[in-house]
Amino acid sequence: MYTEHGNLTWILSLLLLSGVLSNEWKVEYQPSVCAVKGSSVVIPCLFYYPKGEKVKEVKWSHESKDSYNGPFIFDSASKNQSSRFQYIGDKLLGGQNCSLKINPVEHNIAGKYIFRFITKSLTGKWAGTEGSTLKVVDLKTSVTNTSGHGATKEGDSVNVTCRNSCDGGDVSSAFIWLKNGVSIHEGPSLYWRDISPSNSGNYTCSLEAHRGTTSGVVHINVEYGPKNTSVSVRPSTEVDVGSNVILTCSSRANPPVENYSWFKVDEDDVIIVENKSELHFREFSLAAGGRYLCSATNKHGSQNSTMVTLKVKAHFPYIRIIASAAAALLIVAAVVIAVRRFNEKRAREPEADHVGDQQNTVYLNWPIPDNSNEGNPHIHLMSILSSASAKDMFILIKMFLFLSLVERQLMHQLVVKGVFLCKDALVSRFVA
C-alpha cells in the first residue's frame, strides 16, 4: 500500500528508468497493490508512446468492465467522474505519470485495474493489459491470555495485537488502539500484566494514517468473584415487634452472583436462615433480633458482608398493654384464690357463725415482701404467693414463667407496687 509521496516517487522512478530509452507504446505498473479496507491507495503507473504523438485522452477501467470500450471508472473525456477514483497523473496530457488514487477502499473494488490512453493519431490507441491487481484486506487482531484460562479472569496477563497483512512479516504500519471508540494507545499491541475489571470493553485497532480503517471488535470481558458485598435494611435496623422488615444482599460480580446465603450469628453459633438475595420478616418477633450477614457466590469465589444488628425497638405502649393484661390476670387469680380460701374457711365453721361473718369485710393476710429484694422479680413473686395453696401457686408460677424477662420486670413493678394497694378493696368488694 502506498500512501506517501516519497514511496510513490520511488516507484515511479523505477518504472521510468525501465522505459526511459523506449520509443514504443507501453504501460508499466506495480504488479500488485495491497490496501486495508477503509484506507486510500495509489496504483502507480507510467506510460510511453513514440515521439511526435500527442495524448488526447486517458482512461482507467476495472477488470469487471471492457477495458477498451468501457464503461470506465475514470475517463478524462467525461464530465461525470466518481469521487472515489481520482487521476493523479500528469495534468498535462504529455507527461508519463498515469497513477490512480482510490479512496476509500472497499472489498468490492478489489481486482485488476488497466490503464488506456489515446493520442491524436488515427492509430494512437494503447492499453496496458497486464494491469495492476489491487488486494483489499482487513486489519487482523489476536488475543493471547498467558494464564491459559478459557475466560479472561481478573489478574490474568493478556496481550492484544493488531496486524496489517499488507506488511507481510514486517510490522511497518503505524497503529492506534481505541476503546469504546476513544483513542487510548499507539502501537501494534496492548498488554496487561495484571488485568482488572476496569479494562473490560470493546477494542479496535486502526491505521494511524487512516482512522477510517478499523479492525473487527475485540471484546475484553474480565470476570471476577463477588466484590463490595453489603446488606441494606428497610425500613431500619431498629425494629418494632410485629412489623415488616426486609434485608437485601447486594454484590458486584462477573458473571453475576449465582447464590446468596443468609446467616444469623448467635454468640459462637452461625445458623443459615435463607438462600435468597432478600430476607423477609413479615411479623418481626423478639426472637428474630440479633446479628445477620450474607454471603454472595459465583464460579470465581464468594464474599461475606459485614454484620448488621437488628434491635427490637423499645415500644412502651405495646409492652404496657402486655404487662397490664398480665397484671390483670394475676389480680383476678389473686381474687379467685381469696374467694376459695374464704369459702373453705366458712365450710369449716359452724353455720351460726356464718351470719356474723357475712357482715364483716374479708381481708387476705398476704405479707408484702421485703424491699431489700426489690431488684429480683422472682423473689417478690414467690413471696407474694407464699400464702396461696399449692395448686393455685402452681398456676400462677406457670403463668409468670411464660412471660419474657422484660414482661416479668414490668409485672414486678405493677404487681408489687400496685396490686397490693388495691387488693384489699377489690377482694372485699368481690366477696361482698
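The text that follows walks through the structure, step by step, so that each part is easy to find.

Calculation rules
Residues numbered from 1 in each chain as written. Predicted model: local features only at pLDDT ≥ 70, side-chain atom pairs only at ≥ 80, totals over all residues. Heavy atoms only, no water. Pairing = 2+ DSSP bridges. Helix = DSSP H or I, 4+ residues; strand = E, 2+ residues; numbered from the N terminus. Core = buried A, V, L, I, M, F, W, Y, C linked by side-chain atoms within 4.5 Å. Buried < 20%, exposed > 50% of the residue type's maximum accessible area, 1.4 Å probe, protein only. Contact = heavy atoms within 4.5 Å. Phe/Tyr/Trp six-rings, centres within 6.5 Å; stacked < 30°, edge-to-face > 60°. Patch = residues over 30% accessible without salt bridge, like charges linked within 9 Å, V, L, I, M, F, W, Y side chains within 5 Å. Areas by Shrake-Rupley, 256 points an atom, 1.4 Å probe, with all protein chains shown as cover. Salt bridge = Lys/Arg side-chain N within 4 Å of Asp/Glu carboxyl O. Lys, Arg positive; Asp, Glu negative; His and termini not counted. Charge placed at Lys NZ, Arg CZ, Asp CG, Glu CD.

### Things to note about the sheet that holds strand β26 (residues 278-281)
Right, on to step 1. The sheet built from four strands is open, its strands ordered β13-β21-β23-β26 with mixed pairing. At either margin of the open sheet sits one strand with a lone partner, and together these are β13 (152-153) and β26.
Right, on to step 2. Sheet topology places strand β21 (residues 222-234) next to strand β23 (residues 245-254); seven bridges connect them, and they run antiparallel. Of the residues in β23, the one forming a bridge with V231 is C249.

### Regarding the nonpolar core
Nonpolar side chains in soluble globular proteins generally cluster together in the buried interior.
Right, on to step 1. Core analysis: the biggest nonpolar cluster contains 28 residues, and F47, W60, I102, Y113, F115 and L134 have the highest contact counts within it.
Right, on to step 2. Among all residues touching Y113, those that are not within four sequence positions of it are Y29, I43, W60, S61, H62, I73, F85, L100, I102, G131, S132 and L134.
Right, on to step 3. The next biggest cluster of nonpolar side chains, apart from the first, holds 19 residues, and it includes C249, A253, F281 and Y292.

### A word on the pairing of β26
Regular strands show a simple pattern: their side chains alternate between the two faces of the sheet.
Right, on to step 1. Burial along β26 is one-sided: L279 and F281 are buried, while E278 and H280, pointing the other way, are not.
Right, on to step 2. In the sheet, β23 pairs with β26 via four bridges, with the strands oriented antiparallel. The partner of I246 across the bridge, within β26, is H280.

### Focus: the packing of aromatic side chains
Right, on to step 1. Tallied over the entire structure, the rule returns 13 aromatic pairs.
Right, on to step 2. Arranged with centres 6.0 Å apart and planes meeting at 55°, the rings of Y49 and F117 form a pair that is tilted. Here F117 lies in strand β9 (residues 111-119) and Y49 lies in the loop between β4 (45-48) and β5 (55-62), a separation of 68 residues in the sequence. Judged on exposure class, the residue Y49 and its partner F117 are both buried.
Right, on to step 3. Between F281 and F284, the ring centres sit 5.4 Å apart and the planes meet at 75°, which makes this aromatic pair edge-to-face.
Right, on to step 4. For F281, a relative accessible area of 14% gives the class buried.

### Digging into a positive patch on the surface
Right, on to step 1. Positive charge collects at one region of the surface, where K54, K56, K120 and K125 lie side by side.
Right, on to step 2. Turning to its location among the elements, K120 is positioned in the loop between β9 and β10 (125-127).
Right, on to step 3. With relative accessibility at 59%, the residue K120 sits in the exposed group.

### Some remarks on the pattern of salt bridges
Right, on to step 1. Enumeration according to the criterion identifies six salt bridges in this entry.
Right, on to step 2. Among the salt bridges present, the one from K299 reaches E223, with a minimum N-O distance of 3.3 Å. With K299 in the loop between β27 (290-298) and β28 (301-304) and E223 in strand β21, this pair connects stretches of sequence that are 76 residues apart.
Right, on to step 3. Relative accessible area serves as the criterion here: at 53%, K299 is assigned to the exposed category.
Right, on to step 4. In this structure, K313 and D240 form a salt bridge, with 4.0 Å as the shortest nitrogen-oxygen distance. Linking K313 in the loop between β29 (308-312) and α2 (316-348) with D240 in the loop between β22 (238-239) and β23, this pair joins segments that are 73 residues apart in sequence.
Right, on to step 5. A relative accessible area of 25% means that D240 is categorised as partly exposed.

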